[in-house]
Amino acid sequence: MKALALVENNKIEIQEREIPTLENPGDVLVKVAYTGICGSDYVRFFENQAKYYPIILTHEFSGVVVKSNSSHYIKGDKVAVIPLKPNFDDDQSQKGNYSLSENYSFIGSREDGGLQEFIVINEQNLVKIPENIDLRTAAFIEPLTVNLHGFRVAQLKELTIKKIALIGMGTIGLLALQILVHYGYDVTCFDISKEKLELSKKLGATRTVNTKIISDLENSYNQFDFVVETSGANQSYYIVNKLAAKKGHILYIGTPHKDLQIDFQTFELINRKELTARGSWMNYSAPWPGEEWQEAIELFKKGAISIDPLIASDISMSDFRTIFDDYRERKIDGKIFITVCGGEHD
């Protein structure tokens with residue numbers, strides 16, 4: 001089989017490998033259909049943050065069961081991967097906080113992931129896909145659950161919310177927007193990209209604000225009951241407290257990758273407005289893997305989420321090398337989506 005391996009920092013190659021075999025009870029051999037590149041993969045490809053070399057990256061992927069040692073999956077079943085492999089004996093896992101467990105593993109980061117034609121995955125790391133969801137769509141289930149977990153952590157459905165600010169209209173932000181619009185919230189989207197803001201409007205945003213236009217940004221301060229940061233970009237952290245209304249709620253989904261230095265007047269707005277700020281890490285809850293995963297499937301079944309507008313580059317695994325330089329230089333503004341073996345529409 002073919003696999004696309006990161007053999008050293010900033011260097012990839014197509015390799016020929018043996019198709020893996022089933023060894024343990026519950027193991028399933030999956031033929032990988034499609035995989036997306038996550039923002040977290042960038043630092044593994046280009047910033048020396050891969051756990052080892054060579055490694056096969058990506059954790060957002062779908063596929064079809066080829067062979068099975070599981071009573072839950074049979075040949076032909078469509079599946080999506082659940083990438084976290086928690087330490088189920090850890091105290092946090094016992095509380096249902098699986099992503100907070102110590103000594104976990106992770107498909108596509110701490111072990112090989114989706115950029116290969118076949119992979120063995122245990123049944124507890126798979127979710128079955130209904131017939132009316134295609135395999136392309138199924139590759140977006142994992143990133144959709146990232147938002148659903150954050151909303152669950154922040155207890156969004158239990159809050160009285162009038163207006164929501166959504167900061168950062170990348171893939172996660174655009175998925176978050178569609179969830180919030182489906183559930184009837186009034187959402188204003190913030191970004192520096194005119195194109196992303198135009199797309200946000202098409203996907204249901206009530207209003208959009210280009211954060212480079214200072215007057216428009218400042219006119220938005222103190223307006224929002226709920227503020228969601230999805231980008232991890234440093235500039236976003238300087239405005240979240242200012243956008244929030246008094247007694248507002250802030251949800252951090254994005255993660256920063258550079259040091260932050262915030263003036264005390266901005267930080268103390270947490271006190272002055274009595275804000276509630278919550279962090280969110282990954283996408284799991286009890287019972288494993290969590291209601292987020294079934295909710296994601298239901299949203300796709302209802303047609304509430306569009307994926308095609310989010311895809312900036314749709315390419316085969318063998319041709320990924322042709323866009324690798326543009327990816328490194330951040331010239332591709334949107335989801336890189338890779339056909340590995342393909343599925344229903346190929």
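Residues numbered from 1 in each chain as written. Predicted model: local features only at pLDDT ≥ 70, side-chain atom pairs only at ≥ 80, totals over all residues. Heavy atoms only, no water.

Enquirer: Could you give an account of the layout of surface pockets, naming the residues involved and the relevant values?
Expert: Roughly 490 Å³ of volume is contained in the second largest pocket. Lining the second largest pocket are 28 residues, and of these His149, Phe151, Arg152, Val153 and Glu292 lie nearest its centre. Looking at the lining of the second largest pocket, the elements that each hand over two or more residues are helix 4 (141-153), strand 15 (276-279) and helix 12 (291-301). Per element, the largest residue contribution to the lining of the second largest pocket is five residues, and it comes from helix 4. Its residues assigned to classes, the lining of the second largest pocket shows twelve nonpolar, eight polar and eight charged. (1 Å grid on protein atoms, 1.4 Å probe; cavity = no way out; pocket = protein on both sides within 12 Å on 5 of 7 lines; lining within 4 Å. Points joined across faces, edges and corners; volume = space filled by probe spheres on them. Helix = DSSP H or I, 4+ residues; strand = E, 2+ residues; numbered from the N terminus. Nonpolar A, V, L, I, M, F, W, Y, C, P; charged D, E, K, R; others polar.)

Enquirer: Describe the packing of helix 4 against helix 5 (residues 171-182), with residues and values.
Expert: Look at helix 4 against helix 5: their axes get within 9 Å of each other, and the N-to-C directions meet at 60 degrees. Between helix 4 and helix 5, the interaxial angle falls into the category oblique. Judged by the sense of rotation from one axis to the other, the crossing of helix 4 with helix 5 is right-handed. Across the interface between the two elements, Pro143, Leu144, Val146, Asn147, Leu148 and Phe151 of helix 4 pack against Ile172, Leu175, Ala176, Ile179 and Leu180 of helix 5. (Axes fitted to C-alpha atoms, helices over the stretch in contact; angles between N-to-C directions. Parallel < 35°, antiparallel > 145°, perpendicular 65-115°, else oblique. Left-handed = near helix turned anticlockwise from the far one by under 90°. Contact = heavy atoms within 4.5 Å.)

Enquirer: Summarise helix 1 (residues 39-46); cite the residues concerned and give the values.
Expert: Most of helix 1 sits out of view: six of its eight residues are buried. Every buried residue of helix 1 is listed here: Asp41, Tyr42, Val43, Arg44, Phe45 and Phe46. Contacts from the buried residues of helix 1 go to strand 1 (2-8), strand 2 (11-16), strand 3 (27-36) and helix 13 (324-328). Residue Asn48 follows helix 1 closely and has a positive phi angle near 60 degrees. (Buried < 20%, exposed > 50% of the residue type's maximum accessible area, 1.4 Å probe, protein only.)

Enquirer: So what about the packing of aromatic side chains? Which residues, and what values?
Expert: Going through the model one piece at a time under the given rule, you end up with 19 aromatic pairs. Ring geometry for Phe45 versus Phe320: centroids 5.8 Å apart, planes at 55 degrees, classification tilted. Of this pair, Phe45 sits in helix 1 while Phe320 sits in the loop between strand 16 (311-316) and helix 13, and the two are 275 residues apart along the sequence. For the ring pair Tyr284 and Trp293, a centre distance of 5.9 Å and an interplane angle of 25 degrees mean the geometry is stacked. (Phe/Tyr/Trp six-rings, centres within 6.5 Å; stacked < 30°, edge-to-face > 60°.)

Enquirer: Residue-level account of the sheet that holds strand 14 (residues 244-252), with values.
Expert: Read from one edge to the other, the open sheet built from six strands follows the order 12-11-10-13-14-15, with strand pairing classed as parallel. If you trace the sheet from one side to the other, it starts and ends with strand 12 (207-210) and strand 15, each paired once. Strand after strand, the sheet turns through a mean of 20 degrees between neighbouring axes, direction not considered. Alignment of strand 14 against strand 15, held across four bridges, turns out to be parallel. By the bridge assignment for strand 15, Ile250 is matched with Ala277. Where helix 5 meets the sheet, its contacts fall on strand 10 (163-167) and strand 11 (186-191), and the angle it forms with strand 10 comes to roughly 165 degrees. (Pairing = 2+ DSSP bridges.)

Enquirer: Provide a residue-level description of the domain arrangement of the chain, including the pertinent values.
Expert: For the chain, the domain assignment lists domain 1 (2-129 + 307-339) and domain 2 (146-279). Each of domain 1 and domain 2 has a C-alpha centre, and these two points are 29 Å apart. Facing the six residues of domain 1 at the interface are nine residues of domain 2. Here domain 1 packs against domain 2, burying approximately 630 Å² in sum over the two surfaces, 64% of which is carbon and sulfur. Of all residues in domain 1, Pro309, Leu310 and Asp333 bury the most surface against domain 2, accounting for 64% of the area lost on that side. Counting across the domain 1 and domain 2 interface gives zero salt bridges. The interface formed by domain 1 and domain 2 includes one residue pair in polar contact (both at pLDDT 80 or more). Broken down by class, the residue content of the side of domain 1 that touches domain 2 amounts to three nonpolar, one polar and two charged. (Domains from an automatic or database assignment. Buried area = accessible area lost by both parts, 1.4 Å probe. Salt bridge = Lys/Arg side-chain N within 4 Å of Asp/Glu carboxyl O. Polar contact = N/O pair within 3.5 Å; in protein donor to acceptor, adjacent residues only side chain to side chain.)

Enquirer: Now, about the packing of helix 4 against helix 12: what can you tell me, with residues and values included?
Expert: As a packed pair, helix 4 and helix 12 sit with axes 9 Å apart at the nearest point and diverge in direction by 120 degrees. Overall, the two elements helix 4 and helix 12 adopt an arrangement that is oblique. Where helix 4 crosses over helix 12, the handedness of that crossing is right-handed. Contacts between helix 4 and helix 12 involve Ile141, Glu142, Leu144, Thr145, Leu148, His149 and Arg152 from the first element and Glu291, Glu292, Trp293, Glu295, Ala296, Ile297, Leu299 and Phe300 from the second. Per-class residue counts for the contact of helix 4 with helix 12 are eight nonpolar, two polar and five charged.

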